[in-house]
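What follows is each chain in one-letter form.
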Amino acid sequence: MFCSGDDASGLAVAPALSATGGQRMAGTRHRGAWRLLTALLAAPAGLALLVALPGISQASIGVGVQSTPVRLGSVAQQGDSYSLAPVYVVNTGTQDESISMRVERLSHGPGRAVPPSWIHFTGSGMRLAARRSARIPLQLVVPAGARPGKYLSDVVVAGSAGIVVGKANLAVAAATKLEFTVGRASGQGLAFPPWAPWTLGGLFLVAAAAFAFRGSGLQVRVVRKPVSGSVIDGRGGYFDT
Amino acid sequence: MIRDLWHVFLVGILAILALIGIAGFRIHSLAAIAGPHSGTTASTSATLNVLPTTLSVTVSPGTTTFSDCHGGSPPNRSTPTQLGYPNAKCSIGTLGTKGTFPVTVENTGISSKIEVSASNAVPADNGQQLQLCAANGDVTCRGPNQEPGANQYEARTDSPGEVSPTWLTTNLVCDVTFDASSGCSAARMQTRTEGIELTGPTTWSDKSTSYTIVITWMAAPR
């Protein structure tokens, strides 16, 4: 029927029918190619998502600080301020973090806790990119009324990717020791060097011994022996022996 | 005769000086040829990776949500994502022998102490906070059976195979999952996966429907 050659309409239809079939075939080919293309694109895209999504969902936060304690090389004096060696800080996470610093007594050991107001951080509150590090300067300001002695606390560096309201925010921190000694001011009225009490005690003993000697009535006669066999008498004159 | 000898001697000295001069010039020329300013040189660069000398800790993920909520009394029973009351529970992961522990804590620095603390729960409207209470903390739980009372909550971390959990307080406490001897010593690159369970208050007075909690892990000197 479709291939009848004596029917004009048939002839007319046949090509039409033939054309429709071609379109179908072309459409089928088109869809097949589209599916193939989709499959070719979808596979790598899916793989990329598989790789990327855990990275996104498992973005980490991390912070590190130098393990070497922050120390002042000299004895700090009351009323003075000192620049401490800058503290090395590193972002060990995979995203940018806000870095904050504080002083807190965590370490055990002898020494007074450092009052937080004595330490001034220049770079606290800074943003640190992933895997980047920085050196943050510290300044020690010792007030005039500071108690002399050894001080021990910790410099705590906290890293946060930002607080998300309504969530459980996981944060990180790292701490390193802070150590210094405050000495007595040289102009202080009651300040004595360490050897002063011993010297004063010795002088007191000598004075007490002299006083006791005088009180006892004993006398000591000093006689110088002359070279030529003469001796000097109590009045300073020589006489022969 | 003596004069002739002197002449020979002087000529000899001059000859020796001339030889020394020629030799010196030659050596200088050779050094100049072999020097860095002439000829071609090649170099290569090499990267040397060394162990870290820092105290550091890395945690993933950075943000998470409490879910798997259960408990409470009708009509205030928990939904899977909303905490009910009294004393309902929600968790990050599921704790237990066959649980899931989605928080990874890694000591990425030198051997150190890993400690952990948590904040009070702050409502979205910044109103009445839920105080973190614990038997080992400064704030004791005032509810029945030593559970959290009104406007209090309790939280603990746990990890696979851990016998005793770490009860969180607002002060730093040892994260015992790192140290089998109940300490908190963590070796370099030691990693632990943890889950967190929260027990809510008997009731709360704030009208907010979400609270924010910050849990902090710290690497501290040993």
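This is a predicted model, so every value here is computed, not measured. (Residues numbered from 1 in each chain as written. Chains lettered and ligands numbered in written order. Predicted model: local features only at pLDDT ≥ 70, side-chain atom pairs only at ≥ 80, totals over all residues.)

A. A look at the nonpolar core. All names here are of chain A. Residues Val 157, Ala 173 and Ala 174 are the most contacted members of the largest nonpolar core, which totals 76 residues. Per-element accounting of this core gives the leading share, ten residues, to strand β10 (residues 168-183). Sequence-distant contacts of Val 157, defined by excluding residues within four places in its chain, comprise Val 63, Val 65, Val 89, Ile 99, Met 101, Ala 173 and Ala 174. (Core = buried A, V, L, I, M, F, W, Y, C linked by C-beta atoms within 7 Å. Buried ≥ 20, exposed ≤ 12 C-beta atoms within 10 Å, placed from the backbone. Helix = DSSP H or I, 4+ residues; strand = E, 2+ residues; numbered from the N terminus. Contact = placed C-beta atoms within 7 Å.)

B. Just the interface of chain A and chain B, in detail. With 33 residues of chain A at the interface, the matching set in chain B holds 32 residues. Residue assignment for the side of chain A that touches chain B shows that the elements contributing at least two residues are β1 (61-66) and β10 of chain A. Top element by residues in the side of chain A that touches chain B is β10 of chain A. It accounts for ten residues. Partitioning the side of chain A that touches chain B into residue classes produces 17 nonpolar, 14 polar and two charged. Pairing between β1 of chain A and strand β1 (residues 54-60) of chain B: six bridges, direction antiparallel. (Nonpolar A, V, L, I, M, F, W, Y, C, P; charged D, E, K, R; others polar. Pairing = 2+ DSSP bridges.)

C. Main features of unusual backbone geometry. With omega at -5°, the peptide bond leading from Ser 60 of chain B into Pro 61 of chain B counts as cis. In this structure, Pro 61 of chain B sits in the loop between β1 and β2 (63-64). In this chain, Pro 74 of chain B is followed by Pro 75 of chain B through a cis amide linkage whose omega measures 5°. As for its position among the elements, Pro 75 of chain B is in the loop between β3 (67-70) and β4 (89-92). Its identity is not glycine, yet Arg 131 of chain A carries a phi of approximately 65°, on the positive side.

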